[in-house]
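Fold and geometry: a report
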Amino acid sequence: NAGVTQTPKFRILKIGQSMTLQCTQDMNHNYMYWYRQDPGMGLKLIYYSVGAGITDKGEVPNGYNVSRSTTEDFPLRLELAAPSQTSVYFCASSSNPSYYGYTFGSGTRLTVV
Amino acid sequence: AQTVTQSQPEMSVQEAETVTLSCTYDTSESDYYLFWYKQPPSRQMILVIRQEAYKQQNATENRFSVNFQKAAKSFSLKISDSQLGDAAMYFCAYRSAYKGGSEKLVFGKGTKLTVNP
């Protein structure tokens, strides 16, 4: 059971480049989330999904896009990368967020230079 | 909007001793869930313990227990018999229980726990 798998683990982007952070879960969870973690700060929600085909914005969605075409996958797209997007990105999933909390991936450290 | 405050950026404890990490939160809701997550140097976030606001009994998971004071909006984590493997960042988090309410977990900024041998 792999849980939540994020790729890549590390990435350096130049300003203006684009990339997709991949997230896959094999637990058949309906709920999936993308958070970013900046140094000395808690996690901020970027986007979330309550099921395939349904996505919604979190606190800090600007500069990002998501899609949820399958239950398993929830990719995060960064368009026109900016230094402010330098962060650690976490994907998480849950079958019942209130009861079980989230299962997190191991994160992607992204640096924009 | 709900907020979660962890007033201790860093804490340290001797191995085998007990340490308490503080968390307060602000909400106008009466029904919600509270969590403590552990983030070791590997970066993986791990759920430590969970508390339902409508339950007065404090949650316990082995060496980890909470002191939930609903009126004071306080949710502290006690780690007993601290072990070297407990060294990590600890995050307190809040989630609304209301359908149609925010789907997100609201996180505090974290407390870095060091365990000294």
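It should be noted that the structure appears before, not after, this text.
The sections below set out a description of the structure shown in this document. Because the structure is a prediction, the values reported are computed rather than measured.

Things to note about the overall build of chain A
Check the secondary structure of chain A and you find one helix and eleven strands. In chain A, the succession of α and β elements from N to C terminus is β-β-β-β-β-β-β-β-β-α-β-β. For 113 residues, the compact-globule estimate of 2.2 N^0.38 gives 13 Å, and chain A sits close to it at 13 Å. Evaluated residue by residue, chain A yields a buried proportion of 47% over its 113 residues. Considering only contacts in chain A between residues 6 or more positions apart, those separated by 24 or more positions represent 54%. Entry remark: accessible area of chain A is about 5200 Å², with carbon and sulfur atoms responsible for 51%.

Some thoughts on the state of the cysteines
Residue and element names in this part refer to chain A. Overall, the coordinates contain two disulfides over all chains when judged by the stated rule. The disulfide bridge from Cys-23 ends at Cys-91, spanning 1.8 Å between sulfur atoms. For the disulfide bridge between Cys-23 and Cys-91, the dihedral angle about the S-S bond is near -70 degrees, and by the sign convention the bridge is left-handed. In this pair, Cys-23 sits in strand β3 (residues 19-25) while Cys-91 sits in strand β9 (residues 87-94), placing the two residues 68 residues apart along the sequence. Judged by its relative accessible area of 1%, Cys-23 is buried.

What to know about the pairing of β3 of chain A
All names here are of chain A. The alternating pattern of β3 places Met-19, Leu-21, Cys-23 and Gln-25 on a buried face and Thr-20, Gln-22 and Thr-24 on a face that is not buried. In this structure, strand β1 (residues 4-7) lies alongside β3, joined through four bridges in antiparallel fashion. Looking at β3, one finds that Thr-5 is bridged to Thr-24. Taken together, the three bridges between β3 and strand β8 (residues 76-78) define a ladder with antiparallel strand orientation. Each residue of the ladder has a partner; that of Thr-20, found in β8, is Arg-77.

Cut-offs applied
- Residues numbered from 1 in each chain as written.
- Chains lettered and ligands numbered in written order.
- Predicted model: local features only at pLDDT ≥ 70, side-chain atom pairs only at ≥ 80, totals over all residues.
- Heavy atoms only, no water.
- Helix = DSSP H or I, 4+ residues; strand = E, 2+ residues; numbered from the N terminus.
- Rg over C-alpha atoms; globule rule 2.2 N^0.38 Å.
- Buried < 20%, exposed > 50% of the residue type's maximum accessible area, 1.4 Å probe, protein only.
- Contact = heavy atoms within 4.5 Å.
- Areas by Shrake-Rupley, 256 points an atom, 1.4 Å probe, with all protein chains shown as cover.
- Disulfide = S-S within 2.5 Å.
- Pairing = 2+ DSSP bridges.

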